[in-house]
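A closer look at the structure
Below are the chains, spelled out letter by letter.
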Amino acid sequence: MASRPQGRLLDIEYSILDVVAGLNGTGHDAYGFAIARHLAATSIGDGLIGHGTLYKALSRLVKMSLLTASWEDASVGESEGRPRRRLYTITNAGAVALATRPVDLTATAAAPARTALA
Amino acid sequence: MGAWVRLYTRGLPEQVADERIAEVSSDLHDHATQAQMAGVGKARLSREIARRLVRGAPADLTWRAELRGLGVSLSSFGLLVGVMTNAASLLALSIAGIARGLRWQASQWEAAPGMIPVVIAATGLVCGMIMVTRTRSRVVGALWILGAAQIVVWQGIPFLATTTTVLEYVQRISAWPLCMAAIAVGETAFLACAALWWAPQQKTAA
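Reference entry: report on the structure contained in this document. (Residues numbered from 1 in each chain as written. Chains lettered and ligands numbered in written order. Predicted model: local features only at pLDDT ≥ 70, side-chain atom pairs only at ≥ 80, totals over all residues. Heavy atoms only, no water.)

1. A word on the nonpolar core
Note the threshold: By nonpolar core we mean a set of buried residues, namely Ala, Val, Leu, Ile, Met, Phe, Trp, Tyr and Cys, connected to one another through side-chain atoms within 4.5 Å. Throughout this description, buried means an accessible area under 20% of the type-specific maximum (1.4 Å probe, protein chains only), exposed means over 50%, and partly exposed covers the range between. Helix and strand definitions here come from DSSP, where helices need a minimum of 4 consecutive H or I residues and strands a minimum of 2 consecutive E residues; each element is numbered from the N-terminal end. We call two residues contacting when some pair of their heavy atoms lies within 4.5 Å.
Counting residues in hydrophobic clusters, the biggest one holds 44 residues, and the most contacted among them are I16(A), L17(A), I35(A) and L54(A). At the level of secondary structure, the elements contributing two or more residues to this core comprise α1 (11-25), α2 (32-40), α3 (51-63), β2 (86-90) and α5 (92-99) of chain A together with α1 (2-8), α2 (14-37) and α3 (42-67) of chain B. The element contributing the most residues to this core is α1(A), with eight residues. Filtering out sequence-adjacent residues up to four positions away, I16(A) remains in contact with I35(A), L39(A), L54(A), A57(A), L58(A) and L61(A).

Printed below as a string of structure tokens:
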């Protein structure tokens, strides 16, 4: 099983960065299911992304310091009768990675994500 | 879904496992809530969740492998996935054979010929798959699957054919025995190589 070069992002990771940036920019919380739902509205594919694919990618982006993750206050979830969410925020490095992504990916993956969040 | 998350996070650092379990639980809750609001039925929701699970399962497994420091032995991990996939395919074939056998039995009022070896093979495959998941019994597990695979190839496939018109067709194929022999040799080579590959690791783990 070959591993890809360190630091190189996959299409899906660029798309996740784009969705998180969009959610952060519009004042919405960026958490797992919200990201999955917005990704589903892009050209990534049919239906919602697999749990494993999403959370592995998120974990890698956090490890690369392109995103930060923090658990929301437990009282917020409790008051809404749901488990607490893990919230993601794009970092400056993430924004730079997004801005400097390869051109072909910009056209295919990111643009629809931005449109979906608009 | 919950069982799957607990399975692939088993043995990982407690905090990492707890966080993944909590995050997926939250996702499932949000998914169910959104489905309810959209008027999506329970059956469709279950299908969607199952599809997400299946789609993400390879990533779950590689994520686990990376966390357990298996990055240098991903080929071994790939072999494990290969052996498990192979065994699962044979098991599916055996179960299909058993199901056909039971239908045949119900209509003929007697035991379907060749049914017992297929049941033995299915049991052997399940045992082998369990053994293969543990480092210490991995070699025995591979050999166990090898034995069961031979039964499936020589008894299971013809048994499947006896209940359909396929039998008449395949009997006319002159190369049929050769095909069976090729599959049996391929299974033997693959599983024996897997056992040999894992043998030194098992010695280290012991």
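That was the structure; now back to the text.
2. A few points about the interface of chain A and chain B
For the record, the criterion: Summed over both partners, buried area is the accessible surface (1.4 Å probe) that two parts give up on being assembled. A carboxyl oxygen of Asp or Glu within 4 Å of a side-chain nitrogen of Lys or Arg is what we treat as a salt bridge. As used in this structure description, the phrase polar contact means that two N or O atoms lie within 3.5 Å; if the pair is within protein, one of them must be able to donate a hydrogen and the other to accept it, and residues adjacent in sequence are counted only when both atoms belong to side chains.
Taken residue by residue, the interface counts 26 residues in chain A and 28 residues in chain B. Regarding the contact of chain A and chain B, the summed buried area is about 2,300 Å², with carbon and sulfur atoms giving 57% of it. For the interface between chain A and chain B, the tally reads four salt bridges. Its salt-bridge partner being K56(A), residue E66(B) comes within 3.4 Å of it at the nearest N-O pair. The tally of links from chain A across to chain B stands at eleven residue pairs in polar contact (both at pLDDT 80 or more). Elements supplying a minimum of two residues to the side of chain A that touches chain B: α2, α3 and β2 of chain A. Considering every element that reaches the side of chain A that touches chain B, the biggest residue donor is α3(A), with seven residues.

3. Remarks on the pairing of β2(A)
Residue and element names in this part refer to chain A. Test applied: Pairing between strands is defined by DSSP: at least two bridges between them are needed.
Extensive coverage of β2 is indicated by the burial of four of its five residues. When strand β1 (residues 67-71) meets β2, the two strands line up antiparallel, connected through five bridges. Bridging across to β2, L67 finds its partner in I90.

Take it as geometry only, folks, not as evidence of what the structure does.
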